[in-house]
Amino acid sequence: MVATQMGFYLFVFFTSVVGLPAWMAGSVLMVLKLWDGLNDPFIGFLSDHTKHPLGPRIPWLLYGAIPLGVFVAASWWTPPGGIWIKFVVLVAIASCTQIAYTCVNLPYSALAAELTPDIDLRTRLNAARFTGSILAGLSGVVIAAMVGVKVNECGGGAGLRGGAFLEMGLIGGLVVAVGTLACGWGLKPFAKHCQQPSGKKEPIKQQLLRVSRNGRFLKVLGLYLLLWCALQLMQTVALLYFNVVMQVPSNWSTWILVPFQISALLGLQLWSWVSSRWGRIAALRSGGLMWIMACLVAMLLIPLDGAVAPMGSFSNGLNFVLLVATILAVGLGGSTAFLIPWSLLPDAIDADPEKPAGLYTAWMVVIQKFGIGLSIFVLGNVLTLSGYKACTDSILLPSSALTTIRLCMGLIPAVLVVLGLLVVRRWPRRTHPIALNP
């Protein structure tokens, strides 16, 4: 829930409410992702070597719940002072939020494999986690709309707009803290008897050698990185696209995110069925093609008449319906970014004779976070160079800024998806064990 709110609204919050220029807002988000990627291996090591009567994972959930809730709420606070003071404070808050999130989420994710040795039950646990994730993301969008989060109104943290963001943050922080405590408390009886990590350490050089020689893993990593960069780019710029480019009123634009979440949830079921019938690569190609076409359509859609309600005239109504249909198609196609790379990862792990699943999962997550952080940083700088300024009417914005937002919502993610399809175009049918020693 909180991750979805941050993905859609944090960039807008930094630029419109806090008053950071786009390049600086992108820098905060890049630091956030890079720091998140750096602390993953460290927290994973500490979690693996934790000795506690409740096992190595549950203490992290119970002790990390309240700090995580506090930092989540603080993420939507507008610091006093000048631009650079705000920048430094927000970077500090974002860093604390990410390390608190890692302290909770990494041990929690490991429990899915450790609670049971049954492969089918593990799959069901992860499927439930993915489904819950998307439903929670949907609830995050609904909460944002209900508290009055808007895109085109500015006025700082003391105004209506800043207050709505802070209210959303307080709700999110409370839900995170209570939910994490409930999860840890409920799993206590089971975690005492679950599978324990071996604690075996492997030098970083050996890890890099293992990863670099697994061609199948490199393909999965490339696919995951490209698809998630495309998805993250569209998520970050979506509200700007709706409000600034398409002229959708703020009280409507937030609700447009709801059909996206619903279509992504349906897409998981659709592509799972397609994968079982015709294979995962066929599902990826079908979903990827839908995603690419939707991106190109989004780049060419005609804006609404801002002086008339979205359904106030036939032309406005038609353009609005086309916009919603395009967002539905993006959600259906974009859901392949959730499903397919993770379904291909076991093939890459099987190619390694020792099958170190934790190692490959950790490196996949770390490199993905670095890629997303870099893409957000580039987005902020490109928007600044294009002349984009928050709180400016679209009529007053230069055409270069409007074109840049369209490209970030259309052509650029479409190209990234095409590259992802090319990366796995020759996915091997058989698993060939890799050799670590030449």
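These numbers were taken from a predicted model, which means no experiment stands behind them.

(A) Broad picture of the overall build of the chain. For the chain, the count of helices and strands is 15 helices and zero strands. Classification of the 438 residues of the chain by burial places 51% in the buried group. Counted over contacts in the chain with a minimum sequence separation of 6, partners at least 24 positions apart contribute 80%. Just so you have it, the chain exposes about 19,600 Å², and 70% of that area is on carbon and sulfur atoms.

(B) Molecular detail of the packing of helix H1 (residues 2-18) against helix H8 (residues 215-245). At a minimum axis distance of 8 Å, the contact between H1 and H8 shows a crossing angle of 55 degrees. Comparing the axis directions of H1 and H8 gives the class oblique. As H1 runs across H8, the sense of the crossing is right-handed. Residues Thr4, Gly7, Phe8, Tyr9, Phe11 and Val12 of H1 form the contact with H8, whose own contacting residues are Gln232, Gln235, Thr236, Ala238, Leu239 and Leu240. Classifying every residue of the contact of H1 with H8 gives seven nonpolar, five polar and no charged.

(C) Inspection of the side chain of Thr97 at higher detail. Among the structural elements, Thr97 can be located in helix H4 (residues 83-114). The exposure class assigned to Thr97 is buried, which follows from its relative accessible area of 4%. Among the polar contacts made by the side chain of Thr97, one reaches the main-chain carbonyl oxygen of Ile93 at a distance of 2.8 Å. With residues up to four places along the chain from it excluded, the contact list for Thr97 reads Met6, Leu68, Phe71, Val72 and Ser75.

(D) Broad picture of the nonpolar core. Judged by nonpolar contacts, the single largest core of 112 residues is most densely connected at Tyr9, Phe14, Tyr241, Phe242 and Trp291. Of all the elements, H8 adds the most residues to this core, at 21 residues. Excluding residues that lie within four positions of it along the chain, Phe14 makes contacts with Gly19, Leu20, Ala25, Val28, Leu29 and Leu90. One finds Leu54, Ile58, Leu187 and Ala191 within the second-largest nonpolar core, a separate group that totals five residues.

(E) Region of the structure containing a nonpolar patch on the surface. A contiguous nonpolar patch, built from Leu296, Leu407, Leu411, Ile412, Val415, Val418, Leu419 and Leu422 and spanning about 570 Å² of accessible area, is present on the exposed surface. When residues in the nonpolar patch are grouped by element, the largest group, six residues, is from helix H15 (residues 411-423). By the element assignment, Val418 lies in helix H15. Given a relative accessible area of 35%, Val418 falls into the partly exposed group.

(F) View of H15. In a regular helix each residue adds 1.5 Å, so 13 residues correspond to 18 Å; H15 covers 19 Å between its end C-alpha atoms and thus fits that length. Taken as a whole, H15 has its buried residues at Pro413, Ala414, Leu416, Val417, Gly420 and Leu421. Down the axis of H15, the buried set is contained in an arc of 160 degrees. They therefore lie on one face. On its buried side, H15 packs onto H8, helix H10 (280-300) and helix H14 (399-409).

(G) Geometry of the environment of Ile256. Note that Ile256 resides in helix H9 (residues 250-278). Along the sequence, Ile256 and Leu239 sit 17 residues apart, while their C-alpha atoms lie 9.3 Å from each other.

(H) Molecular detail of the side chain of Gln261. In this structure, Gln261 sits in helix H9. Sequence-distant contacts of Gln261, that is, excluding residues within four places in its chain, are made with Thr4, Phe8, Ile134, Gly137, Leu138 and Val141.

(I) Region of the structure containing the packing of helix H11 (residues 314-334) against helix H12 (residues 336-350). Between H11 and H12, the least distance of the axes is 6 Å, while the angle of their chain directions is 10 degrees. Taken together, the axes of H11 and H12 lie roughly parallel to each other. From H11, Leu332, Gly333 and Gly334 reach across to H12, where they touch Thr336, Ala337 and Phe338. Of the residues assigned to the contact of H11 with H12, the class counts are three nonpolar, three polar and no charged.

(J) Representation of the packing of aromatic side chains in the model. Scanning the model with the defined rule gives 13 aromatic pairs in all. Seen from their ring centres, Phe13 and Trp76 are 5.4 Å apart, and the 65 degrees between their planes marks the pair as edge-to-face. In this pair, Phe13 is assigned in helix H1 and Trp76 in the loop between helix H3 (58-74) and H4, connecting sequence segments 63 residues apart. Side by side, Phe13 and Trp76 carry an identical accessibility label, which is buried. Among the aromatic residues, those joined into a cluster by ring pairs are Phe13, Phe14, Trp76 and Phe165. Over the ring of Trp185 we find Lys188; its NZ or CZ atom is 3.7 Å from the centre of that ring. Directly above the aromatic system of Trp278 lies the positively charged group of Arg277, at a separation of 5.0 Å from the ring centroid.

(K) Inspection of unusual backbone geometry at higher detail. One non-glycine residue, Gln247, lies in the positive phi region at around 60 degrees. Counting through the fold element by element, Gln247 comes out in the loop between H8 and H9.

(L) Local environment of the environment of Asp347. Structurally, Asp347 is set in helix H12. For the pair Asp347 and Arg216, spaced 131 residues apart in sequence, the C-alpha separation works out to 7.5 Å.

(M) A look at the environment of Gln232. The residue Gln232 is located in helix H8 in this model. Gln232 sits 144 residues away from Ile376 along the chain, and the two C-alpha atoms are 7.9 Å apart. Every residue in contact with Gln232, bar those within four places of it in the chain, is listed here: Gly7, Ile372 and Ile376.

Rules used throughout
- Residues numbered from 1 in each chain as written.
- Predicted model: local features only at pLDDT ≥ 70, side-chain atom pairs only at ≥ 80, totals over all residues.
- Heavy atoms only, no water.
- Helix = DSSP H or I, 4+ residues; strand = E, 2+ residues; numbered from the N terminus.
- Buried < 20%, exposed > 50% of the residue type's maximum accessible area, 1.4 Å probe, protein only.
- Contact = heavy atoms within 4.5 Å.
- Areas by Shrake-Rupley, 256 points an atom, 1.4 Å probe, with all protein chains shown as cover.
- Axes fitted to C-alpha atoms, helices over the stretch in contact; angles between N-to-C directions.
- Parallel < 35°, antiparallel > 145°, perpendicular 65-115°, else oblique.
- Left-handed = near helix turned anticlockwise from the far one by under 90°.
- Nonpolar A, V, L, I, M, F, W, Y, C, P; charged D, E, K, R; others polar.
- Polar contact = N/O pair within 3.5 Å; in protein donor to acceptor, adjacent residues only side chain to side chain.
- Core = buried A, V, L, I, M, F, W, Y, C linked by side-chain atoms within 4.5 Å.
- Patch = residues over 30% accessible without salt bridge, like charges linked within 9 Å, V, L, I, M, F, W, Y side chains within 5 Å.
- Salt bridge = Lys/Arg side-chain N within 4 Å of Asp/Glu carboxyl O.
- Expected span 1.5 Å × (residues − 1).
- Arc of directions from axis to C-beta.
- Phe/Tyr/Trp six-rings, centres within 6.5 Å; stacked < 30°, edge-to-face > 60°.
- Lys NZ or Arg CZ within 6 Å of the ring centre and 35° of its normal.

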